Amino acid sequence: CPLSAGKGALGNTKQRFTFVEMPRERYSILDIGKVADIVLVVMSCEGIDPQVAKSHPEQIEAFDDFTLQMLTMLRHQGMPKIIGVLQDLHTVSPKKQTDIKKLFHRFFITEFTEDDKFLVVKDINDVDSYNIIVRSIAVCTPSELAWRNSRGYMLSNRLQYDAGSGVLQVEGYLRGAAISANQLMHITGHGDYQIERIELVQDPTPTKNRIKKAKSRKGSMDHTTQDTSISSGGDAILIETADENRENLLVMNEPDPFHQEQTFPTEEELIGAHKHIEQEMEGHFVENGETIGGDIDTK
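The structure presented is a predicted model; accordingly, all values stated were derived computationally and were not measured.

Trainee: Any chance you could break down the overall build of the protein chain for me, citing the residues and the numbers?
Mentor: Counting secondary structure elements, the protein chain contains nine helices and 13 strands. Taken across its 299 residues, the protein chain has 24% of its residues classed as buried. When contacts within the protein chain are restricted to residue pairs at least 6 apart in sequence, those whose partners lie at least 24 apart make up 63%. As presented, the protein chain carries roughly 21300 Å² of accessible surface, and 51% of it is formed by carbon and sulfur atoms.

Printed below as a string of structure tokens:
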């Protein structure tokens, strides 16, 4: 798709879309599935024999084994909204295109539902088809995933690491629940880290609607509104810094006795255990490979 991995304001000036094209790698797909609002499932009908498709549709594979495996994993993780896209239809003769579309649509609704949108791109240069996809994304309502309602998450747009201070700056659009500078942040593939501060920075892709609002408020004493602070191009605004209530990286899980979990033994318990072992071993010695009870005569 010509829009893959692109960012910017498209179509309606009040909406923005970020397209990310992921490699066919298991963990990359699962990671982007955690933050994506919509997943485009792209299928190709290139090389499909219409006669075979009509007489033996079971021999046609709309999804390969890897794709089916990833769809299963995404369902367990939490499936975002799905839009199906069939491409390369121009490689099929015009008389057979309708049959091919019906066949792949049947494959699609079998794997998903009839409520999920199914779109067709006839040619890679067919601009109208891509406009339809963008408009469909614009009016599509993302699926509500329960775990996102209680967690803040972000797809990073920019990273900057200072080796001297060991500080990593992460910039992006914060989604989901609000976060605090006192809580820990998990970076996929690296682990948990403490937050030093949270800042509101200039919007890299402001919509025209926000730009107009920012210009209309230029010169105003109120610099706390979101539209002005994001779109006016000013310096970053400090939202929150970590304080004495910051979460520690060293934490201990509360044991659950119903799952046969136990705490680490205390110092008193360790001393008692050693005394018990000494008492059990007292008065026993080994002779000829056999344990014999009794006192040892040292005379």
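Trainee: If you had to explain helix α4 (residues 97-111) to someone new, which residues and values would you point to?
Mentor: In this model, α4 (15 residues) spans 21 Å end to end at C-alpha, consistent with the 21 Å of a helix rising 1.5 Å per residue. Along α4, the positions that sit buried rather than exposed are Gln97, Ile100, Leu103, Phe104, Phe107 and Phe108. End-on, the buried residues of α4 take up no more than an arc of 135°, which puts them together on one face. Those residues of α4 that are exposed and angled more than 90 degrees off the buried face are Lys102 and Thr110.

Trainee: Account for the side chain of Asp116, naming residues and giving values.
Mentor: As for its position among the elements, Asp116 is in the loop between α4 and β5 (117-120). In this structure Asp116 comes out as buried when scored by relative accessible area, which is 13%. With residues up to four places along the chain from it excluded, the contact list for Asp116 reads Lys81, Ile82 and Phe108.

Trainee: Talk me through the sheet that holds strand β3 (residues 38-44); I want residue IDs and the actual numbers.
Mentor: Spatially, three strands are ordered β3-β4-β5 in an open sheet, and the strand pairing comes out parallel. Of all strands in the sheet, those bounded by a partner on one side alone are β3 and β5. Strand-to-strand twist across the sheet, computed as the mean angle between neighbouring axes with direction ignored, equals 25°. Where β3 meets strand β4 (residues 81-87), seven bridges bridge the pair, whose relative direction is parallel. Across the sheet, Ser44 pairs through a bridge with Gln87, a residue of β4. Along the sheet, helix α5 (residues 127-139) makes contact with β3, β4 and β5, crossing β5 at roughly 165°.

Trainee: Which residues make up the nonpolar core, and what are the values?
Mentor: As a rule of thumb, nonpolar side chains are buried together in soluble globular proteins. One finds Met43, Cys45, Ile100, Phe104 and Phe112 to be the most contacted residues of the largest nonpolar core, which totals 25 residues. Counting only elements with at least two residues in this core, the list comes to α1 (26-35), β3, α3 (65-77), β4 and α4. Broken down by element, the residue count for this core peaks at five residues, all from α4. Those residues in contact with Phe112 that lie beyond four places of it in its chain are Val41, Phe63, Leu71, Arg75, Met79 and Ile82.

Trainee: I'd like a rundown of the environment of Asn253, residues and numbers included.
Mentor: As for its placement among the helices and strands, Asn253 is situated in the loop between β11 (237-241) and α9 (267-281). Asn253 sits in the exposed class, given a relative accessible area of 61%. Separated by 10 residues in sequence, Asn253 and Thr263 have C-alpha atoms that sit 8.8 Å apart.

Trainee: Would you mind going over a nonpolar patch on the surface in detail, with residue names and values included?
Mentor: Taken together, the side chains of Leu159, Tyr161, Leu168 and Val170 define a hydrophobic patch exposed on the protein surface, amounting to about 390 Å² of accessible area. Looking at the nonpolar patch, the elements with two or more residues in it are β6 (152-162) and β7 (167-176). Note on placement: Leu159 falls in strand β6.

Trainee: How would you summarise the packing of α1 against α3 if you had to cite specific residues and measurements?
Mentor: Interaxial distance between α1 and α3 falls to 10 Å at its minimum, and their mutual angle equals 40°. Of the two possible hands of crossing, α1 and α3 adopt the one that is right-handed. Contact with α1, carried on its side by Arg26, Ile29, Leu30, Gly33 and Lys34, involves Phe66, Gln69, Met70, Met73, Leu74 and Gln77 of α3 and no other residues of that element.

Trainee: A description of the pairing of β6 should follow, citing residues and the corresponding values.
Mentor: Sheet topology places β6 next to β7; 10 bridges connect them, and they run antiparallel. Opposite Arg158, over in β7, you have Glu171 as the bridge partner.

The rules we used
- Residues numbered from 1 in each chain as written.
- Predicted model: local features only at pLDDT ≥ 70, side-chain atom pairs only at ≥ 80, totals over all residues.
- Heavy atoms only, no water.
- Helix = DSSP H or I, 4+ residues; strand = E, 2+ residues; numbered from the N terminus.
- Buried < 20%, exposed > 50% of the residue type's maximum accessible area, 1.4 Å probe, protein only.
- Contact = heavy atoms within 4.5 Å.
- Areas by Shrake-Rupley, 256 points an atom, 1.4 Å probe, with all protein chains shown as cover.
- Expected span 1.5 Å × (residues − 1).
- Arc of directions from axis to C-beta.
- Pairing = 2+ DSSP bridges.
- Axes fitted to C-alpha atoms, helices over the stretch in contact; angles between N-to-C directions.
- Core = buried A, V, L, I, M, F, W, Y, C linked by side-chain atoms within 4.5 Å.
- Patch = residues over 30% accessible without salt bridge, like charges linked within 9 Å, V, L, I, M, F, W, Y side chains within 5 Å.
- Salt bridge = Lys/Arg side-chain N within 4 Å of Asp/Glu carboxyl O.
- Left-handed = near helix turned anticlockwise from the far one by under 90°.

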